[in-house]
Amino acid sequence: MASKVYIVYYSMYGHVEKLAHDIKKGAESVEGVEVKLWQVPETLPDEILAKMGAPSKSDVPVITSNELTEADGIIFGFPTRFGMMAAQFKAFFDSTGGLWRTQALAGKPAGLFFSTGSQGGGQETTALTAITQLTHHGMMFVPIGYTFGAGMFEMEQIKGGSPYGAGTFAGDGSRQPSEIELGQAFHQGKCFAGITKKLKGTA
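These numbers come from a predicted model, not from an experiment.

Cut-offs and rules
Residues numbered from 1 in each chain as written. Predicted model: local features only at pLDDT ≥ 70, side-chain atom pairs only at ≥ 80, totals over all residues. Heavy atoms only, no water. Patch = residues over 30% accessible without salt bridge, like charges linked within 9 Å, V, L, I, M, F, W, Y side chains within 5 Å. Areas by Shrake-Rupley, 256 points an atom, 1.4 Å probe, with all protein chains shown as cover. Salt bridge = Lys/Arg side-chain N within 4 Å of Asp/Glu carboxyl O. Helix = DSSP H or I, 4+ residues; strand = E, 2+ residues; numbered from the N terminus. Buried < 20%, exposed > 50% of the residue type's maximum accessible area, 1.4 Å probe, protein only. Pairing = 2+ DSSP bridges. Right-handed = clockwise from strand over helix to strand, strands pointing away. Core = buried A, V, L, I, M, F, W, Y, C linked by side-chain atoms within 4.5 Å. Contact = heavy atoms within 4.5 Å. UniProt positions renumbered as here; feature names shortened; annotations may be inferred. Phe/Tyr/Trp six-rings, centres within 6.5 Å; stacked < 30°, edge-to-face > 60°.

Side note on a nonpolar patch on the surface
Together, Tyr 13, Ile 48 and Met 52 make up a nonpolar patch on the protein surface, roughly 250 Å² of accessible area in all. Tracing the sequence through the fold places Ile 48 in helix 2 (residues 46-51).

Right, dumping it as structure tokens:
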């Protein structure tokens, strides 16, 4: 049976969603892996989002917490708010209390990716503070480390991401993920899918 990888994200302005699509491409490059994109529910009313200049949501389906149990591995993605995950994603994690009570996600590999507005905006703290959610669920955090090679040491251009996972800088919102950032996202998807497949094979 194929290994199922879910990419579950929240994206207000589209930066995280772009990373998610390239993570999906990377994961799909691994034979025997099925990949599905999911969004978490929006918590802000449409009129507030409109005032914030947020575009309409894409047609990627919205996940419910119980659907997480169907995946063999899950990569979570979100923008940063003051150095940690956006409230929309925290609200989604808060809805997983039933899964926590039964430890239904325990033992599943989990990855993280993120978007920040600036270089000091939380490319590491966002992941570090999100790991607490995974820990309480008993999930196994799978970082990418420095497996992206030379791309991890890029100094000639601005590049988001870290050993914790793929990332991008949104700036004032007009900056889009660069080729190297999307390359790291693809790499994360491929690495994570390979690990998920191995773990399922030994279960």
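After presenting the structure, the write-up continues.
Digging into the pairing of strand 5 (residues 109-116)
For a regular strand, the rule is simple: side chains alternate between the two faces of the sheet. When you tally the buried positions in strand 5, you get eight out of eight residues, the bulk of the element. Of the two faces of strand 5, the one lined by Pro 109, Gly 111, Phe 113 and Ser 115 and the one lined by Ala 110, Leu 112, Phe 114 and Thr 116 are each fully buried. Where strand 3 (residues 73-81) and strand 5 come together, six bridges link them in parallel fashion. Pairing of Phe 78 across the sheet is with Phe 114, part of strand 5. Assessed by its sense of winding, the connection that carries the chain from strand 5 through helix 5 (residues 125-137) to strand 6 (residues 140-141) is right-handed. Bridging between strand 5 and strand 7 (residues 167-169) involves three bridges; their strand directions are parallel. Note that in strand 7 the partner of Phe 114 across the bridge is Gly 167.

Some remarks on the nonpolar core
Formed by 29 residues in total, the largest nonpolar core has its most connected members in Val 8, Ile 63, Leu 68, Ile 74, Phe 76, Phe 89 and Leu 112. Secondary-structure elements contributing two or more residues to this core are strand 1 (3-9), strand 3, helix 3 (87-94), strand 5 and helix 5. No other element matches helix 5, which puts four residues into this core. Dropping the residues within four chain positions of it, Leu 112 is found in contact with Ile 75, Phe 76, Phe 78, Ala 127, Ala 130, Ile 131, Leu 134, Phe 141, Tyr 164, Gly 165, Ala 166 and Gln 188. Counting 21 residues, the second largest nonpolar core, distinct from the first, contains Ala 20, Val 35, Ile 75 and Phe 113.

Remarks on the pattern of salt bridges
Taken as a whole, this structure holds five salt bridges when the rule is applied. Residue Lys 90 pairs with Asp 94 through a salt bridge whose shortest N-O separation is 2.6 Å. Residue Lys 90 and its partner Asp 94 are both found in helix 3; the two are separated by four residues, about one turn of the helix.

Quick notes on helix 5
Taken residue by residue, helix 5 has Thr 126, Ala 127, Ala 130, Ile 131, Gln 133, Leu 134 and His 137 as its buried positions. Residues of helix 5 that are buried sit in contact with strand 3, strand 4 (84-85), helix 3, helix 4 (97-102), strand 5 and strand 6. Within two residues after helix 5, Gly 138 carries a phi angle of roughly 75°, on the positive side.

Quick word on the UniProt feature "domain: Flavodoxin-like" (unreviewed entry) in the chain
Taken from the UniProt record, the annotation "domain: Flavodoxin-like" (unreviewed entry) applies to residues 5-192. Along residues 5-192 one finds 32% helix and 19% strand; the C-alpha atoms at either end are 9 Å apart.

Focus: the environment of Ser 56
With respect to the element layout, Ser 56 can be found in the loop between helix 2 and strand 3. Look at Ser 56 and you get exposed, because its relative accessible area is 71%. When the C-alpha atoms of Ser 56 and Asp 46 are compared, they prove to be 9.1 Å apart, with 10 residues separating the residues in sequence.

Side note on the packing of aromatic side chains
Inspection of every chain in the model, using the stated rule, returns nine aromatic pairs. Arranged with centres 5.9 Å apart and planes meeting at 80°, the rings of Phe 76 and Phe 89 form a pair that is edge-to-face. On the criterion of sequence distance, the pair formed by Phe 76 in strand 3 and Phe 89 in helix 3 is long-range, its members being 13 residues apart. Across the pair, exposure class does not vary: Phe 76 and Phe 89 are buried alike. Both rings, one in Phe 78 and one in Phe 89, keep their centres 4.9 Å apart while their planes meet at 55°; by these two values the pair is tilted. Here Phe 89 lies in helix 3 and Phe 78 lies in strand 3, a separation of 11 residues in the sequence. Summarising the burial analysis for this pair, Phe 78 and Phe 89 share the class buried. Feature note: the residues Phe 76, Phe 78, Phe 89, Phe 92 and Phe 93 constitute an aromatic cluster, connected by ring pairs.

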